[in-house]
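Structure at a glance
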Amino acid sequence: MDSANGKFYFAIDRGGTFTDIYAKCPNGKVRVMKLLSEDPSKYADAPREGIRRILEMESGRAMPASEPVDTSQVGWIRMGTTVATNALLERKGEPMALAITKGFQDLLYIGNQARPKIFDLEIITPDVLYNEVIEVSERVVLSQATCQIDKKPGLQTKTGTTGEKVEIWETVDKESLRKDLQKVLDKGITSLAVVLMHSYTFDGHEQEVGNLAKEMGFTHVSLSSSVMPMIKAVPRGFTACADAYLTPHIKTYLQSFASGFKDELEDCRVLFMQSDGGLTPMDKFNGSRAILSGPAGGVVGYAVTTYGKESSLPVIGFDMGGTSTDVSRYDGQYEHVFETTTAGITIQAPQLDINTVAAGGGSMLMFRSGLFVVGPESAGASPGPTCYRKGGPLTVTDANLMLGRLLPEYFPRIFGPKENQTLDKESTMKEFKKLTSQVNEFLLDQPDGAGKDPLTMEEVAMGFIRVANETMCRPIRALTQAKGFDTSQHVLSCFGGAGGQHACAIARSLGMSMVFIHRYAGILSAFGMALADVVHEAQEPCALQYKTESFQYIDERIDALEKKCINELQQQGFARSDIETEAFLNLRYEGTDWCLMTPASDEKFKAYSGSCQHGDFEKAFTHRYQREFGFTISGRPILIDDIRVRGIGKTSLDANEEVKPSGEPPRVETVTKAYFEDGGLLDTNVYHLEELSCDHTIQGPAILISENSTIVVEPNCEATITRHGDVKIKVGSANVKVIGTNVDAVHLSIFSHRFMSTAEQMGRVLQRTSISTNIKERLDFSCAMFGPDGGLVANAPHIPVHLGAMQETVQYQMTVLGDDLHEGDVVLTNHPSAGGSHLPDFTVITPVFYKGCKRPVFYVASRGHHADIGGITPGSMPPHSKSLSEEGAVFKTFKVVEDGVFQEQALIDHLMAPGKIPGSSGTRNLADNLSDIKAQIAANHKGISLITELIDSYTLEVVQAYMKHIQNNADVAVRDMLRMIAKESKQQTGTSTLSAVDYLDDGSPLVLNIDIDEDKGTALFNFNGTGPEVYGNLNAPKAVTLSAIIYCLRCMIGHDIPLNQGCLKPVKTIIPKGCFLNPTDTAAVVGGNVLTSQRVVDVVLKAFSVCAASQGCMNNLTFGDKDVGYYETVGGGAGAGPTWDGRSGVHTHMTNTRITDPEILERRYPVVLRCFKINNGTGGNGMYRGGSGIIRELLFRRPLTLSILSERRAFRPYGIKGGEPGKPGKNLLIYKNGHVVSLGGKASVCVEAGDMFQLQSPGGGGYGVPEDNSDVDISEPDSKRRRYDPVASQVYHEKGSVHAFRFAQEQA
């Protein structure tokens, strides 16, 4: 960019609250401006107004706001905008319709069937984007050589773009389609998304539908095969819907923006930032690639200005705003993800891996059951923090104001009724006085409270700042360590309005030694757009193995895609010399789902005679796989899922403005009092950042004020001004504050975060180093740490059936082994009577010894689901097992490591032992078992090192004391809830004794009586009267019942609490020996874990009268033969509650597993999914309706063995408070001759090619007397009846790979 040519250049970030503008003027001068994004009384469009004002000021020519802006002096305009994101969050896009293959009309409503928040009984999911659904009569099926279904005469076979053969089972019925499209047009809807099965490889049918729709008058048609041709119908469908929903909305905004300029910007180059960090021309800017348009500019900004400039270390981007904080990483290449979820919509498109967490300046401060809590609730822009003078709550901004880190006199006077007042510190202090009194009252009531000094307001505010900082540190640790990087070996690049106040403390907490804050940190997203390149990408699917025979095809396709990118960029005016391309292959090992988008552009992976012409992609893939996961799988074929080329049109902006040395010491604007953790209230120099020169060094404590941000330089930190006017802070170590063993409310919250972070990082190591699909990809595992008594301290993630269960396991081993537990020992166990859930869940326990201690000072453990451990059926989950020995290898107490030596042969002998039983087999997957057990041991080792670091910092006595304090905190929260429930129960019924009974389908009663002591806040859960151990596998180990109780208590509390031993401290249980909840050692239990656990939840929630029953089943389905095996669980209806309808087609309570995408299912297994939809009307009627179940039909393509393990086929899910029960489920086998047979709840049958299985999952129960909602049309589809949910649009949505990982693990 050459400003000497007399042109102005504008880069603009139109955010949700503010619009930031960076302008380079013809004389080289830089202008920066910040405007409110919405200020209709003053201007119609903020970006246009900013351009107008700067042109008018700098050119001296009058430019009336009422006239179109003259752009003759404008070289280009670059913009990022939240228009698409806001439309998605608020559901304010273009009304649109969805055309989808018949039988799949509810596919996008069901999604992956997992609920977003596992402890919310009211399941809130964001609305679907479409207003109408059109079922297209057509069907394309992938050819399979082993298919034995008789082919119809004249069956067409085609070759798809991936090389896969497809069969046209049904052509498009255009006559009925035309009628359906016309009905939609008659409703005024002119935007259409088309999603047909397997269109990623064969787009012919989508093209037919799209052409007909355009011919009939649809103004916008998004074909999923064009928007993003990647396998997986659900995310591709969401992406097409997002495009149809957002692109017309964006076009409307762009037309409105352009209309404010002369000739509607016809001769002005206007580029928009895409989610991948590249710019694209205005006419090519579309909805599916616009979601991160604004934040992407910030990543480009710090990547270009920080990396390789002041340090050779990689960079962590830290963008702290009002409601949230964005965290990202750059080490010379942009880190992209290709499938992300925003506002409930999963989008397949390249996006920068920007992780958003709900902690920002507006995050609300709460003191809850002894814990300092920051967010996720936010005060937003209105009413905003208390100090904004609109009656808002206390927030992080208020805490900084309270501590003197924000100076009202340097803030804009934009507050108050007339918008002419500064921040209101007086109101902030008044509210902190109230909050401090609340904190001190609680602390005084504690056993050791009388002798302690009360906290000051400053100490309370500082406590909240420390908790906020720890909240923001957790995703940074996860983002770096998940990919095998050391968090401390990074530079923290801070930008955004609020980040400068927290940067030093966060860097120090993470062990980083440098913070970098660019001179334009307050508008870095806008500045980044000025630095960005123009990008055009081309991508196509592939289904080849990466091997020599494929290289010619790969090279040809890369060449073709490169040509496409180069042509597009040349048409945009780039010279060929300014265009670069980079090729990627999306690679994975056969038998896994974990793809890595792999470039081979690095010199280490350059092409040679035996590789592709475009590089050694195999070497690049295995190198990255080794770094991220710690191993490679030698001998395993590598598969190509996609071929991608990224074309880059290089732009040049000279951003290196230099500041001159002043030769004078820095001028101190004033001296203020600011509060710091290290030193308390200190004299703090205040400087104007604009007055500082490159020869200035500022010692902390200090505050640097600029027009758009405030930077706090903490004690023991040193800020220097670089020659470009940026701020580089050297972070020194803090003086470690000695704390005692008595509970401190602030440290309680800090330790709670650190303990949970330890468990989370253990999980990351386990996921990285494991090899099996179950653990590595389905994330079916939990990691936890325990105190010296074996009591649970922290458990991550929250897989319901694992909650609290491992505590029983650890304490059993402590009792059995006693003094025979030594340093260097690791114990493996899975037996139900030893605290296990079911045999495939292997628990690995490591005792931790500290120097000078003879007994373990704490324990760590990891529990992972192993795909096969032997037994009578593959997968080790037999539907008809009658004894534990039929379900696989059993470990009660086995030292898998003894005195530091891995006991491999003894372990193999145990794993193969089931093969000695007639009709049974040893493990069918020994290599994976051994690898995953080693990964569990490695995860435990990570936990040990992290807790040992804590002990080294705080002492053993303090860490153990806080382990106990955290447990006591959960105890307090549960007691508070039980007291409240007892009080309400006495008011309504005159007693605090609750009771309920429910039944298994065989008639076995599950009886529960709960006696609550209101004074003590305790409860006795008495299961006397529960039926005897069953002759089958629905027996549930005691640990499963305890997990179900913890799950229910957490759901009823309704907010985050530490999930540990303390939750059950106020709860006593009586589970009679010999009943099916406390069976004998030899009882079969595999169904107890997946089915009976649901019934325990049903009966607990029924006793508390919280909500109606959900489907009460996981619908466990398996099929296979000697060559293939498949397992899935299927969602159903959720129960209604006192203020909500139950969600349809979703997993509830003790499970939350994702379901396999239809296209993946049909590609890998010998089945065709004929139907997957909501079974409308199966939810129980009531004032609030229960959710409906699902209909799922599988057509078998060759002889297989089918097994079903299910419940609620006889006893219906109960309604409550007069609500009607939901309908029971059904399992139907439809033979190819049309004969229909009911299989009952549990069956294992042989099926032939052409047979079909139909599963109908149960509906949820209703709540309240049905007459009260008699106006509801119960025949109307559930997915449409509750399409709009205003609450869902207000829920804060986290995003990014860290959130996706945690979310996926909660769906294991």
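Everything discussed here concerns the structure shown above.
First things first, this report covers the structure right here in the doc.

It is worth spelling out empty space enclosed by the protein at this point. The final tally for this structure, using the stated rule, is 12 cavities of 30 Å³ or more. Approximately 60 Å³ is the volume found for the largest cavity. Together, Arg-115, Asp-120, Leu-121, Ile-123, Tyr-1047, Cys-1107, Ala-1108, Ser-1110, Ala-1134, Gly-1135, Thr-1148 and His-1149 line the largest cavity. Classifying every residue of the lining of the largest cavity gives 6 nonpolar, 4 polar and 2 charged.

The next point concerns unusual backbone geometry. Residue Pro-701 is reached from Gly-700 by a cis peptide bond, and omega for that bond is 5 degrees. Relative to the assigned elements, Pro-701 resides in the loop between strand E31 (697–699) and strand E32 (702–705). A positive phi angle, close to 70 degrees, is found at Gln-113, a residue other than glycine. As for its position among the elements, Gln-113 is in the loop between helix H3 (107–110) and strand E6 (132–136). A positive phi is found at Asp-263, a non-glycine position, where the angle reads about 55 degrees. Among the structural elements, Asp-263 can be located in the loop between helix H7 (233–258) and strand E12 (269–273).

Moving on, we come to the nonpolar core. Among the nonpolar cores identified, the biggest contains 92 residues, and Phe-432, Leu-492 and Ile-729 are the most heavily contacted of them. With 11 residues, the top contributor of residues to this core is helix H11 (residues 457–481). Among all residues touching Ile-729, those that are not within four sequence positions of it are Cys-504, Ser-513, Met-514, Val-515, Ile-517, Ile-711, Val-713, Cys-717, Glu-718 and Ala-719. With 87 residues, the next largest nonpolar core counts Leu-35, Val-69, Leu-129 and Tyr-253 among its residues.

Right, let's get into the sheet that holds strand E50 (residues 1189–1196). Spatial ordering of the open sheet is given by E49-E50-E55-E52-E53, a layout of 5 strands whose pairing is antiparallel. Of all strands in the sheet, those bounded by a partner on one side alone are strand E49 (1167–1175) and strand E53 (1236–1238). This sheet shows a mean twist of 15 degrees between the axes of neighbouring strands, independent of strand direction. In the sheet, strand E52 (residues 1226–1230) pairs with strand E55 (residues 1252–1256) via 5 bridges, with the strands oriented antiparallel. Residue pairing for E55: Asn-1227 is matched across the bridge by Leu-1255.

This paragraph deals with the sheet that holds strand E9 (residues 165–170). Here 3 strands make up an open sheet; going across it, the order is E7-E9-E8 and the pairing antiparallel. The sheet terminates laterally at strand E7 (139–142) and strand E8 (156–159), the two strands that pair on one side only. Averaged over neighbouring strand pairs, the angle between their axes works out to 35 degrees when direction is ignored. Note that E8 and E9 share 4 bridges and pair antiparallel. Within the sheet, the bridge partner assigned to Lys-158 lies in E9 and is Val-166.

Right, let's get into the layout of surface pockets. One number sums up the size of the second largest pocket: a volume of about 1200 Å³. Around the second largest pocket, the lining is made up of 42 residues, and of these Arg-508, Ser-509, Leu-510, Arg-754 and Tyr-954 lie nearest the centre. Among the secondary structure elements, those contributing two or more residues to the lining of the second largest pocket are H11, helix H12 (503–509), helix H16 (745–769) and helix H20 (926–954). The element contributing the most residues to the lining of the second largest pocket is H11, with 8 residues. In terms of residue class, the lining of the second largest pocket is built from 14 nonpolar, 15 polar and 13 charged.

This part takes up a negative patch on the surface. Taken together, the side chains of Asp-263, Glu-264, Glu-266 and Asp-267 make up a negatively charged region of the molecular surface. According to the relative accessible area criterion, Asp-263 is exposed, its value standing at 57%.

This next bit is on the packing of aromatic side chains. Within the structure shown, the criterion is met by 31 aromatic pairs. Between Tyr-22 and Tyr-520 the ring centres are 5.5 Å apart and the planes differ by 70 degrees, which places this aromatic pair in the edge-to-face class. Of this pair, Tyr-22 sits in strand E2 (residues 18–24) while Tyr-520 sits in the loop between strand E24 (514–517) and helix H13 (524–531), placing them 498 residues apart in sequence. Judged by its relative accessible area of 1%, Tyr-22 is buried. Judged by its relative accessible area of 10%, Tyr-520 is buried. One Lys or Arg, Arg-1192, reaches over the ring of Phe-1172 and ends 4.5 Å from the middle of that ring.

With that settled, the discussion passes to helix H5 (residues 204–216). For H5, with 13 residues, the first-to-last C-alpha span of 19 Å sits near the 18 Å given by 1.5 Å per residue. Just past H5, the residue Gly-217 takes up positive phi, approximately 120 degrees.

Right, let's get into helix H8 (residues 293–306). Here H8 contains 14 residues, and its C-alpha end-to-end distance of 21 Å stays within 8% of the 20 Å for a straight helix at 1.5 Å per residue. For H8, the buried fraction is high: 12 of the 14 residues fall into the buried class. Taken together, the buried positions of H8 are Ser-293, Gly-294, Ala-296, Gly-297, Gly-298, Val-299, Val-300, Gly-301, Tyr-302, Ala-303, Thr-305 and Thr-306. Of the residues flanking the end of H8, it is Gly-308, one or two places downstream, whose phi is positive at about 75 degrees.

Our focus in this paragraph is the side chain of Asp-398. By secondary structure assignment, the location of Asp-398 is in helix H9 (residues 396–402). Here Asp-398 is buried and forms no salt bridge, its nearest opposite-charge partner Arg-389 lying at an N-O distance of 10 Å. For Asp-398, the side chain forms a polar contact with the side chain of Thr-428, separated by 2.7 Å. Setting aside its immediate chain neighbours within four residues, Asp-398 contacts Pro-385, Thr-386, Cys-387, Pro-393, Thr-428 and Phe-432.

Here we come to the pairing of E49. Most of E49 is tucked away: 7 of the 9 residues are buried. Alignment of E49 against E50, held across 8 bridges, turns out to be antiparallel. Its bridge partner lying in E50, Lys-1173 is registered against Ile-1191.

A word on the pattern of salt bridges. On inspection of all chains with the given rule, the structure shows 53 salt bridges. One salt bridge in this structure joins Lys-174 and Glu-208, with 3.7 Å as the shortest N-O distance. Here Lys-174, found in helix H4 (residues 174–186), pairs with Glu-208, found in helix H5; they are 34 residues apart in sequence, far enough to count as distant. Given the relative accessible area of 42%, Lys-174 is considered partly exposed. For Asp-1098, the salt bridge is made with Arg-1095, and the minimal N-O distance between the two is 2.9 Å. Residue Asp-1098 and its partner Arg-1095 are both found in helix H23 (residues 1086–1103); the two are separated by 3 residues, about one turn of the helix. The buried category is assigned to Arg-1095, whose relative accessible area is 0%. What emerges from the salt-bridge pattern is a single network uniting Asp-998, Arg-1095, Asp-1098, Glu-1207, Arg-1208 and Lys-1242.

About the cut-offs
Residues numbered from 1 in each chain as written. Predicted model: local features only at pLDDT ≥ 70, side-chain atom pairs only at ≥ 80, totals over all residues. Heavy atoms only, no water. 1 Å grid on protein atoms, 1.4 Å probe; cavity = no way out; pocket = protein on both sides within 12 Å on 5 of 7 lines; lining within 4 Å. Points joined across faces, edges and corners; volume = space filled by probe spheres on them. Nonpolar A, V, L, I, M, F, W, Y, C, P; charged D, E, K, R; others polar. Helix = DSSP H or I, 4+ residues; strand = E, 2+ residues; numbered from the N terminus. Core = buried A, V, L, I, M, F, W, Y, C linked by side-chain atoms within 4.5 Å. Buried < 20%, exposed > 50% of the residue type's maximum accessible area, 1.4 Å probe, protein only. Contact = heavy atoms within 4.5 Å. Pairing = 2+ DSSP bridges. Axes fitted to C-alpha atoms, helices over the stretch in contact; angles between N-to-C directions. Patch = residues over 30% accessible without salt bridge, like charges linked within 9 Å, V, L, I, M, F, W, Y side chains within 5 Å. Areas by Shrake-Rupley, 256 points an atom, 1.4 Å probe, with all protein chains shown as cover. Salt bridge = Lys/Arg side-chain N within 4 Å of Asp/Glu carboxyl O. Lys, Arg positive; Asp, Glu negative; His and termini not counted. Charge placed at Lys NZ, Arg CZ, Asp CG, Glu CD. Phe/Tyr/Trp six-rings, centres within 6.5 Å; stacked < 30°, edge-to-face > 60°. Lys NZ or Arg CZ within 6 Å of the ring centre and 35° of its normal. Expected span 1.5 Å × (residues − 1). Polar contact = N/O pair within 3.5 Å; in protein donor to acceptor, adjacent residues only side chain to side chain.

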